[in-house]
Amino acid sequence: MRRKIVAGNWKMNKNAEETEDLLNELIDKLPNDKGIEIIVAPTFINLASAVQHLEFTNIEVAAQNMHQAQNGAFTGEVSADMLRSIGVNTVILGHSERRAYFHETDSIIANKVDTALQNYLQVIFCFGEELKDRQANNHFNIVENQLRDGLFQLDKFSWSNIILAYEPIWAIGTGETASPQQVQDMHHFIRETIRKAFGSDIAEDLSILYGGSVKPDNAREIFSQPDVDGGLIGGAALKADDFSMIVNAF
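Residues numbered from 1 in each chain as written. Predicted model: local features only at pLDDT ≥ 70, side-chain atom pairs only at ≥ 80, totals over all residues. Heavy atoms only, no water.

A few points about the packing of helix H5 (residues 106-118) against helix H7 (residues 139-151)
Selection criterion: A fitted line through C-alpha atoms represents every axis, and for helices the fit uses only the stretch in contact; the resulting angles, taken between N-to-C directions, go from 0 to 180 degrees. The way it works is that DSSP assigns letters per residue, a run of H or I at least four long becomes a helix, a run of E at least two long becomes a strand, and they are numbered from the N terminus. Roughly parallel refers to an angle under 35 degrees, roughly antiparallel to one over 145, roughly perpendicular to one between 65 and 115, and oblique to any angle outside these ranges. For this analysis, residues touch if any pair of their heavy atoms sits within 4.5 Å. Under this grouping Gly is polar, as are all residues other than the nonpolar Ala, Val, Leu, Ile, Met, Phe, Trp, Tyr, Cys and Pro and the charged Asp, Glu, Lys and Arg.
Axis separation between H5 and H7 bottoms out at 7 Å; the angle between their running directions is 50°. As far as their axial angle goes, H7 and H5 are oblique. Of the residues in H7, those touching H5 at Asp106, Ala110 and Val113 are Asn145, Gln146, Asp149, Gly150 and Leu151. Split into classes, the residues belonging to the contact of H5 with H7 amount to three nonpolar, three polar and two charged.

As for the packing of aromatic side chains
Note the cut-off: Each pair of aromatic rings taken from Phe, Tyr and Trp, with Trp reduced to its six-membered ring, is defined by centres within 6.5 Å and is described as stacked if the planes are under 30 degrees apart, edge-to-face if over 60, and tilted in the remaining cases. Exposure categories follow from relative accessible area, calculated using a 1.4 Å probe and restricted to protein chains: below 20% of the type maximum is buried, above 50% is exposed, and the middle band is partly exposed. Working rule: Lys NZ or Arg CZ, within 6 Å of ring centre, within 35 degrees of ring normal, means a charge sits over the ring.
Overall, the coordinates contain seven aromatic pairs when judged by the stated rule. Ring plane angle 85° and centroid distance 5.2 Å describe the contact between Phe152 and Phe198, whose orientation is recorded as edge-to-face. Note that Phe152 is positioned in the loop between H7 and strand E6 (162-166) and Phe198 in helix H8 (residues 180-198), a separation of 46 residues in sequence. By relative accessible area, Phe152 is classed as partly exposed at 26%. You can call Phe198 buried: its relative accessible area is 9%. Ring geometry for Tyr166 and Tyr210: centres 6.2 Å apart, planes at 50°, overall tilted. Remark: Tyr210 occurs in strand E7 (residues 208-210) and Tyr166 occurs in strand E6; sequence separation between them is 44 residues. A relative accessible area of 1% means that Tyr166 is categorised as buried. Each member of the aromatic cluster is reached from another via a ring pair, and the members are Phe125, Phe127, Tyr166 and Tyr210. Sitting over the face of the ring of Phe102, Arg98 holds its NZ or CZ atom 4.0 Å from the ring centroid.

Digging into the packing of helix H1 (residues 16-29) against helix H11 (residues 240-247)
The condition that has to hold: Handedness of each helix crossing follows the sense of rotation of the near helix against the far helix: counterclockwise by less than a right angle gives left-handed, clockwise gives right-handed.
Here H1 crosses H11 at 35°, and the two axes come no closer than 9 Å. In the crossing of H1 with H11, the sense of the turn from one axis to the other is right-handed. Two secondary-structure elements touch here, H1 through Leu22, Glu25, Leu26 and Lys29 and H11 through Ala240, Asp241, Phe243 and Ser244. Taken together, the residues of the contact of H1 with H11 sort by class into four nonpolar, one polar and three charged.

A look at the pattern of salt bridges
Heads up, the rule is: Only one rule defines a salt bridge in this text: a Lys or Arg side-chain nitrogen within 4 Å of an Asp or Glu carboxyl oxygen.
Applying the stated criterion across every chain yields a total of 15 salt bridges. Put simply, Asp229 and Arg2 hold a salt bridge, and the shortest N to O gap is 2.8 Å. Of the two residues, Asp229 is situated in the loop between helix H10 (219-223) and strand E8 (230-233) and Arg2 in the segment before strand E1 (4-9); the sequence distance between them amounts to 227 residues. Given the relative accessible area of 22%, Arg2 is considered partly exposed. Between Glu192 and Arg195 there is a salt bridge, with the nearest N and O atoms lying 2.9 Å from each other.

Comments concerning the pairing of E8
Condition: One requirement defines pairing of two strands: DSSP has to find at least two bridges between them.
Side-chain alternation along E8 places Gly230 and Leu232 on one buried face and Gly231 and Ile233 on a second face that is also buried. Direction of pairing for E1 relative to E8: parallel, over a ladder of four bridges. Across the sheet, Ala7 pairs through a bridge with Leu232, a residue of E8.

Rendered as C-alpha cells:
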C-alpha cells in the first residue's frame, strides 16, 4: 500500500540549539493522527540528539547521506552501521547536491543503496533532470537512466525499503516549481518505468515524492495528483509553520 510521506531535508542548517528549538516547534505543530509519515533529516552532528528528542513522537529521523563502505580509512565519512547504532533507520541518497558538488556518480549511488539495504536502512532515492535536459525534451530519458543505473540492480524484495524522490534540479532552491501537470506526468512515467521492470505490485506500492520548491501555497495541488505520494522538502522544512502546513496539505 502506498504511504503518504513528507520528509524535510535540513541540509547544512541549524546548530545544536537551533535543531532542538525547531524539533520542539514541530512536536507542537505537527499532526499525529493523519496517517502521514513525517521524516526530518538534520545534520550528522545532531542526528543522535534528534533521535532521542523525538523518541516518543511520530516524527522519524533520517540521515542526509552515508558512505558506501562498511568501515575503513575514509576520513570524515559516516557508515550505515554508525547510523543504525544511534537509531537512524532512513537515509537520503542521490540528492542532486551530492551528485553535483561531490561528484557522486550513478555507480557510487548504486553502491550506497546496496550498502544501506544490507544494513536494514530505508532509502529515499533522489533523482531528476537539469533545465537543459527538459528544454531538450530529454527529461524522461535522464530520469529513466538514473533509475536504471541506481536501482535496477535490486531484487524485488528490496523495493519495500525504497522511497523515490523526483527532484527536477532546475526547481531546487530556485523558487521555480514544476507545474502540477508536469509533476504528475513525470511521476506517472516513473511508476510505469518501475512497473515494466518489476511488475505492477511493486509499482503500485511504491511511494514517489516530489521535491522542488514545495511551499504551503502549492503543496495541496501538487499532493492531489494521483501519482504523487508526498514531498521531500528543503527550505520550507526549516520553518515549523511552513512544514506543518505542507504536512496538512493532504
